[in-house]
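# An overview of the molecular structure
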Amino acid sequence: MVVLQPDPFLSELTSMYERSTEKGSVWVTMKRSSMKCQARLNKMETKGEAVELRCLVRATDGKKNISTSLSAKEYLKFQASYATVLKAHMHALKKRERKDRKKPAEAEKIPEKAPKKQKKASSKKSSGSKS
């Protein structure tokens with residue numbers, strides 16, 4: 001996996017979206033990470049050192065994997081740029097197939113039929129105790 005700076009990551013992400021317009025998908029994941037192994041984190045906690053948590057962003061199109069790591073200061077700028085990239089490539093999405101909403105509307109247009117008559121209850125007596 002290639003770890004890039006935020007700006008090259010966004011440009012590479014844009015090219016991934018462009019390659020997948022006709023066919024394919026792009027998966028982007030974000031998660032909190034310290035970019036250190038667990039043993040080192042435990043040592044830092046026992047010494048009382050502050051652990052800087054970062055945001056790890058990964059993207060793949062099934063063929064190529066890219067990633068970047070963002071600090072809290074870089075995150076807001078990255079998020080705005082990332083939103084711009086997403087909005088620019090939303091046209092490649094397929095429209096969601098919805099159920100016909102005409103069916104309930106057509107049901108209102110059809111005159112209601114007379115309600116069916118209920119069958120009369122049978123005149124059998126219950127087999128309970130007689131007084």
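Going by the annotation in an unreviewed UniProt entry, the name recorded for the protein is Signal recognition particle 14 kDa protein, with Zizania palustris given as the source organism. Under the UniProt heading Sequence similarities (unreviewed entry), the note attached to the protein is "Belongs to the SRP14 family."

Below, the discussion takes up the overall build of the protein. In terms of regular secondary structure, the protein is built from four helices and four strands. Tracing the protein from N to C terminus, the helices and strands come up as β-α-β-α-β-β-α-α.

What links the strands of a sheet is backbone hydrogen bonding, and the strands pair in either a parallel or an antiparallel sense. Within the open sheet, the four strands sit side by side as 1-4-3-2. Their pairing is mixed. Each edge of the sheet is formed by a strand with only one pairing partner; in this case those strands are strand 1 (2-4) and strand 2 (27-33). The sheet shows a mean angle of 25° between the axes of neighbouring strands, taken without regard to direction. Pairing of strand 2 with strand 3 (residues 54-60) involves seven bridges; the strand directions are antiparallel. Opposite Val 28, over in strand 3, you have Ala 59 as the bridge partner. The strands touched by helix 1 (residues 6-19) are strand 1, strand 2, strand 3 and strand 4 (65-70); relative to strand 4, the strand with the most contacts, the crossing angle is about 145°.

In this section: helix 1. The terminal C-alpha atoms of helix 1, which comprises 14 residues, lie 20 Å apart, in line with the 20 Å expected from a rise of 1.5 Å per residue. When helix 1 is considered as a whole, its buried residues turn out to be Pro 6, Phe 9, Leu 10, Glu 12, Leu 13, Met 16 and Tyr 17. One side of helix 1 holds all its buried residues, which, seen down the axis, span an arc of 165°.

Evaluated as defined, the whole model comprises three salt bridges. The closest approach of N and O atoms between Glu 12 and Lys 64, which form a salt bridge, is 3.0 Å. Remark: Lys 64 occurs in the loop between strand 3 and strand 4 and Glu 12 occurs in helix 1; sequence separation between them is 52 residues. With a relative accessible area of 19%, Glu 12 lands in the buried category.

Here we take up the nonpolar core. Counting 14 residues, the largest nonpolar core has Phe 9, Leu 13 and Phe 78 as the members making the most contacts within it. Of all the secondary-structure elements, those providing two or more residues to this core are helix 1, strand 3, strand 4 and helix 3 (72-88). Filtering out sequence-adjacent residues up to four positions away, Phe 78 remains in contact with Pro 6, Phe 9, Leu 10, Met 30, Val 57, Thr 68 and Leu 70.

Here the focus is the side chain of Thr 68. Within the secondary structure, Thr 68 is located in strand 4. A polar side-chain atom of Thr 68 sits 2.8 Å from the main-chain carbonyl oxygen of Leu 4. In this view, Thr 68 contacts Leu 4, Gln 5, Pro 6, Phe 9, Cys 55, Leu 56, Val 57 and Phe 78; residues no more than four positions away in its chain are not counted.

This part takes up the pairing of strand 3. Among the seven residues that make up strand 3, five are buried, leaving the element largely enclosed by the rest of the structure. The turn linking strand 3 back onto strand 4 is made up of four residues, and Gly 62 within it adopts a positive phi angle of 95°.

Two elements in contact, helix 1 and helix 3, have axes separated by 11 Å at closest approach and are oriented at 15°. On the basis of their axis angle, the class for helix 1 and helix 3 is roughly parallel. Crossing hand, helix 1 versus helix 3: right-handed. In this structure, helix 1 contributes Pro 6, Phe 9, Leu 10, Leu 13, Thr 14 and Tyr 17 to the contact, and helix 3 contributes Glu 74, Phe 78, Ser 81, Tyr 82, Val 85 and Leu 86. Grouping the amino acids of the contact of helix 1 with helix 3 by side-chain chemistry returns nine nonpolar, two polar and one charged.

Rules used in this analysis
- Residues numbered from 1 in each chain as written.
- Predicted model: local features only at pLDDT ≥ 70, side-chain atom pairs only at ≥ 80, totals over all residues.
- Heavy atoms only, no water.
- UniProt positions renumbered as here; feature names shortened; annotations may be inferred.
- Helix = DSSP H or I, 4+ residues; strand = E, 2+ residues; numbered from the N terminus.
- Pairing = 2+ DSSP bridges.
- Axes fitted to C-alpha atoms, helices over the stretch in contact; angles between N-to-C directions.
- Contact = heavy atoms within 4.5 Å.
- Expected span 1.5 Å × (residues − 1).
- Buried < 20%, exposed > 50% of the residue type's maximum accessible area, 1.4 Å probe, protein only.
- Arc of directions from axis to C-beta.
- Salt bridge = Lys/Arg side-chain N within 4 Å of Asp/Glu carboxyl O.
- Core = buried A, V, L, I, M, F, W, Y, C linked by side-chain atoms within 4.5 Å.
- Polar contact = N/O pair within 3.5 Å; in protein donor to acceptor, adjacent residues only side chain to side chain.
- Parallel < 35°, antiparallel > 145°, perpendicular 65-115°, else oblique.
- Left-handed = near helix turned anticlockwise from the far one by under 90°.
- Nonpolar A, V, L, I, M, F, W, Y, C, P; charged D, E, K, R; others polar.

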